[in-house]
Amino acid sequence: MTHIEDGFKERLRGTSRTFRKKEGRHTLKSEDVIYCAFGTDRFTVSRNEAQRSAPERLARFGLSRANVEGRSALDLGCHNGAMLMELTNLGPARGLGIEYDADKVAIAREISAYCGLNQLRFEQGDLDRLDAEALGTFDIVFALAIEAHVLDADRLYTLLGKVTGDLLCFEGNGNCNVDTVKESLQAVGFKTIHYIGFCDDDIVPANNKRPMLVARKTEPGST
Ligand SMILES: C[S@@+](CC[C@H](N)C(=O)[O-])C[C@H]1O[C@@H](n2cnc3c(N)ncnc32)[C@H](O)[C@@H]1O
């Protein structure tokens, strides 16, 4: 590993220690761990260095080259950008990550530039204030472990309804009510909504109680 990559990992560990939540900040119980593993041709955070795993999570959502290649993706509350960086292995046309913490955005930008991932962009932003019209629509949207952290969950669901062109990959925080998520997504225009079980990638077993849902704008049975 080069000096630059050592430096990236040190900063990823630093930016993973806390994150913004509804009231104040959440501090990770696991110390000195990077929030989420991912791999690109040039830089990899391996599974044993991380709390969560982007490749495992993408696989759980059923994402593959067949449904990602050439498409656009948006990650709301993207942390260090691991999900989008991992997604580049499946050939998306472009990806935008939005995150409240400026230090997470900065390291995501530096790593993606180092890896030559010019199709990705990372921006600092507050999900409670985003303007859906200014964002436009994306084929694939990630809303992962953020619903309990925004001030206004209804506003988040409205935003998801507007910015999702086709597929939404949703993960609730622990204790999130699946029926409430389904009703909220239905109310903003999602036609097919599947609960696919709890996440299973967190190295802390007690954290694997985040419900995962895949929702689509199209009617059941359409491609
Ligand atoms: C539990 S982490 C989940 C990170 C990422 N979505 C994932 O699942 O890998 C929640 C993330 O959302 C960010 N966040 C919380 N509130 C936010 C807000 N109002 N606007 C943008 N990002 C926010 C946090 O800083 C943190 O990076």
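Everything numeric in this text was worked out from a predicted model, so none of it was measured. (Residues numbered from 1 in each chain as written. Predicted model: local features only at pLDDT ≥ 70, side-chain atom pairs only at ≥ 80, totals over all residues. Heavy atoms only, no water.)

Details of the pairing of strand β8 (residues 120–124)
As defined by bridge partners, strand β7 (residues 94–99) adjoins β8 across five bridges and the pair is classed as parallel. By the bridge assignment for β8, Leu96 is matched with Arg121. Handedness of the crossover joining β7 and β8 through helix α5 (residues 102–114): right-handed. (Pairing = 2+ DSSP bridges. Helix = DSSP H or I, 4+ residues; strand = E, 2+ residues; numbered from the N terminus. Right-handed = clockwise from strand over helix to strand, strands pointing away.)

Some remarks on the pattern of salt bridges
Under the definition given, this model contains 18 salt bridges. Between Arg71 and Asp166 there is a salt bridge; the shortest N-O distance is 2.9 Å. Of this pair, Arg71 sits in the loop between α3 (65–68) and β6 (72–76) while Asp166 sits in strand β10 (residues 164–171), and the two are 95 residues apart along the sequence. Since its relative accessible area comes to 21%, Arg71 is described here as partly exposed. Residue classification places Asp166 among the buried residues on the basis of a relative accessible area of 10%. (Salt bridge = Lys/Arg side-chain N within 4 Å of Asp/Glu carboxyl O. Buried < 20%, exposed > 50% of the residue type's maximum accessible area, 1.4 Å probe, protein only.)

Comments concerning the side chain of Thr192
Residue placement: Thr192 occurs in strand β11 (residues 192–198). Aside from chain neighbours lying at most four places away, what touches Thr192 is Val214, Ala215, Arg216, Thr218, Glu219 and Pro220. (Contact = heavy atoms within 4.5 Å.)

Notes on the sheet that holds strand β3 (residues 34–39)
The strand order across the open sheet formed by three strands is β4-β3-β5, and the pairing between neighbours is mixed. At either end of the open sheet lies a strand with only one pairing partner, and these are β4 (44–45) and β5 (50–53). Lying over the sheet, helix α1 (residues 3–16) contacts β3 and β4, oriented at roughly 135° with respect to β3. (Axes fitted to C-alpha atoms, helices over the stretch in contact; angles between N-to-C directions.)

A few points about the environment of Lys104
Mapped onto the fold, Lys104 is located in helix α5. Accessibility expressed as a relative area gives 1% for Lys104, which makes it buried. When near neighbours in sequence (up to four residues on either side) are disregarded, Lys104 contacts Thr15, Thr18, Phe19, Arg25, His79, Asn80 and Glu99. Of note is the side chain of Lys104, whose polar atom sits 2.9 Å from the backbone oxygen of Thr15. (Polar contact = N/O pair within 3.5 Å; in protein donor to acceptor, adjacent residues only side chain to side chain.)

Notes on the site of the ligand
Taken together, 18 residues are adjacent to the ligand, and Arg57, Gly77, Glu99, Leu127 and Leu144 come closest. Within the side chain of Asp126, an N or O atom sits 2.9 Å from a nitrogen atom of the ligand. In the complex, 98% of the free accessible area of the ligand, which totals 600 Å², lies under the protein chains. At a threshold of 2 Å from the grid points, most atoms of the ligand map onto the largest pocket. In the shell around the ligand, the residues fall into seven nonpolar, four polar and seven charged. (Near = heavy atom within 4 Å. Areas by Shrake-Rupley, 256 points an atom, 1.4 Å probe, with all protein chains shown as cover. 1 Å grid on protein atoms, 1.4 Å probe; cavity = no way out; pocket = protein on both sides within 12 Å on 5 of 7 lines; lining within 4 Å. Sits in = over half its atoms within 2 Å of the grid points. Nonpolar A, V, L, I, M, F, W, Y, C, P; charged D, E, K, R; others polar.)

Quick notes on the pairing of strand β12 (residues 211–216)
Counting buried residues in β12 gives five out of six residues, a clear majority hidden from the surface. Where β10 lies against β12, five bridges are found, and the strand directions are antiparallel. Residue pairing across strands places Cys169 opposite Val214, the latter belonging to β12. Where β11 and β12 come together, six bridges link them in antiparallel fashion. When the sheet's bridge partners are listed, His194 is paired in β12 with Val214.

A word on helix α8 (residues 178–187)
Listed as buried for α8 are Val178, Val181, Ser184 and Leu185. Down the axis of α8, the smallest arc covering the buried residues is 130°, so these residues share one side. Set apart from the buried face of α8 by more than 90 degrees, the exposed residues are Glu183, Gln186 and Ala187. Against α7 (153–163), β10, β11 and β12 lie the buried residues of α8. Capping the start of α8, Asn177 holds a side-chain oxygen 2.9 Å from the backbone nitrogen of Asp179, two or three residues further along. With its phi angle positive at about 110°, Gly189 sits one or two positions after the end of α8. (Arc of directions from axis to C-beta.)

What about the packing of α1 against α5?
With their axes 10 Å apart at the nearest point, α1 and α5 run at an angle of 155° to one another. It follows from the interaxial angle that α1 and α5 lie roughly antiparallel. You can see that α1 and α5 cross each other, and the crossing is left-handed. Taken together, the residues of α5 that come into contact with α1 (itself represented by Ile4, Glu5, Phe8, Arg11, Leu12 and Thr15) are Asp103, Lys104, Ala106, Ile107, Glu110, Ile111 and Tyr114. Here the contact of α1 with α5 is built from residues that sort into seven nonpolar, one polar and five charged. (Parallel < 35°, antiparallel > 145°, perpendicular 65-115°, else oblique. Left-handed = near helix turned anticlockwise from the far one by under 90°.)

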